[in-house]
Amino acid sequence: MERAADFLKEAGTYYLATVEDGQPRVRPFGTAHIFEGKLYIQTGKAKNVSKQIHANPKVEICACKGDEWLRIAGELVEDDRREARQSMLDAYPSLQNMYSADDGNTEVFYFQNATATFSSFTHEPEIVKF
């Protein structure tokens, strides 16, 4: 899981796929943080992506770095604890211009039942479950 988090941070931007009314929805994200042994992402409750995750927590992430790419498929679980939100904001100080742990909008999710697949044209895929 740490390897997946490091890959996402090094890539800078990754793409999160959700589903809404049977239609795939993909958008760029940039947060990846390990807190209490789990891989977390962050968004705002007011965003459509939040509503999509709550309706169907099965998501997939894709990130590219050089000639490698990473896909993470799994379920997102909301962690509504202030400590989890603050930990994310501490890891990404630039988010504090838009979010705070107590604003009622900041939302963090962690992956459960996740499968990370590290791929490249030069090596066989490596699969990690967490």
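Let me begin by describing the structure that accompanies this report. (Residues numbered from 1 in each chain as written. Predicted model: local features only at pLDDT ≥ 70, side-chain atom pairs only at ≥ 80, totals over all residues. Heavy atoms only, no water.)

## A short note on the pairing of strand S8 (residues 126-129)
How we decide: A pair of strands counts as paired when DSSP detects no fewer than two bridges linking them. Note on conventions: DSSP H or I runs of at least 4 residues are helices, E runs of at least 2 residues are strands, and numbering of each starts at the N terminus.
As paired strands, strand S7 (residues 106-120) and S8 are joined by four bridges and run antiparallel to one another. Among the inter-strand pairings, Phe 118 is bridged to a residue of S8, identified as Glu 126. The turn linking S7 back onto S8 is made up of five residues.

## With respect to the environment of Glu 107
Heads up, the rule is: The contact criterion used is simple: two residues touch if any of their non-hydrogen atoms lie within 4.5 Å.
Secondary-structure assignment places Glu 107 in strand S7. The sequence separation of Glu 107 and Ala 32 amounts to 75 residues, and the corresponding C-alpha distance is 13 Å. Once residues within four sequence positions are removed from consideration, Glu 107 is found in contact with Ile 41, Gln 42, Thr 43, Gly 44, Lys 45, Ser 50, His 54 and Glu 78.

## Looking at the layout of surface pockets
This is how it is decided: The rule is simple: put a 1 Å grid over the protein atoms alone, call a set of points where a 1.4 Å probe fits but cannot get out a cavity, call an open set with protein on both sides within 12 Å along at least five of seven lines a pocket, and count a residue as lining if it has an atom within 4 Å of a point. Grid points are joined across faces, edges and corners, and a volume is the space filled by probe spheres set on the points. Classes in brief: Ala, Val, Leu, Ile, Met, Phe, Trp, Tyr, Cys and Pro nonpolar; Asp, Glu, Lys and Arg charged; the others, Gly included, polar.
Counted as a void, the largest pocket has a volume near 150 Å³. Lining the largest pocket we find Arg 27, Pro 28, Phe 29, Gly 30, Thr 31, Gln 42, Thr 43, Lys 47, Val 49, Leu 95, Met 98 and Tyr 99. Of all the secondary-structure elements, those providing two or more residues to the lining of the largest pocket are strand S2 (23-29) and strand S4 (38-44). With three residues, the top contributor of residues to the lining of the largest pocket is S2. Split by residue class, the lining of the largest pocket holds six nonpolar, four polar and two charged.

## Quick look at the packing of aromatic side chains
The condition is simple: Between rings of Phe, Tyr and Trp, where Trp is taken as its six-membered ring, a pair exists when centres lie within 6.5 Å; planes separated by under 30 degrees are stacked, by over 60 edge-to-face, and by other angles tilted. A ring is considered to have a charge above it if a Lys NZ or an Arg CZ atom is located within 6 Å of its centre and within 35 degrees of its normal.
Applying the stated rule across the entire model yields five aromatic pairs. Ring geometry for Tyr 40 and Tyr 110: centres 5.6 Å apart, planes at 55°, overall tilted. Here Tyr 110 lies in strand S7 and Tyr 40 lies in strand S4, a separation of 70 residues in the sequence. One aromatic cluster is present, formed by Phe 35, Tyr 40 and Tyr 110 through successive ring pairs. Directly above the ring of Phe 118 sits Arg 3, whose terminal nitrogen or CZ lies 3.8 Å from the centroid. Positioned above the aromatic ring of Tyr 110, the side-chain terminus of Lys 38 is 4.2 Å from the ring centre.

## Some thoughts on the environment of Val 77
With respect to the helices and strands, Val 77 occurs in strand S6 (residues 68-78). Separated by 32 residues in sequence, Val 77 and Phe 109 have C-alpha atoms that sit 5.1 Å apart. Aside from chain neighbours lying at most four places away, what touches Val 77 is Val 108, Phe 109, Tyr 110 and Gln 112.

## Looking at helix H3 (residues 82-91)
Counted only if it meets this: Relative accessibility under 20% of the residue-type maximum defines a buried residue, over 50% an exposed one, and the middle range a partly exposed one, all with a 1.4 Å probe and only protein chains included.
Every buried residue of H3 is listed here: Ala 84, Arg 85, Ser 87, Met 88 and Leu 89. If you follow the buried residues of H3, they end up packed against strand S3 (33-35), S4 and S7.

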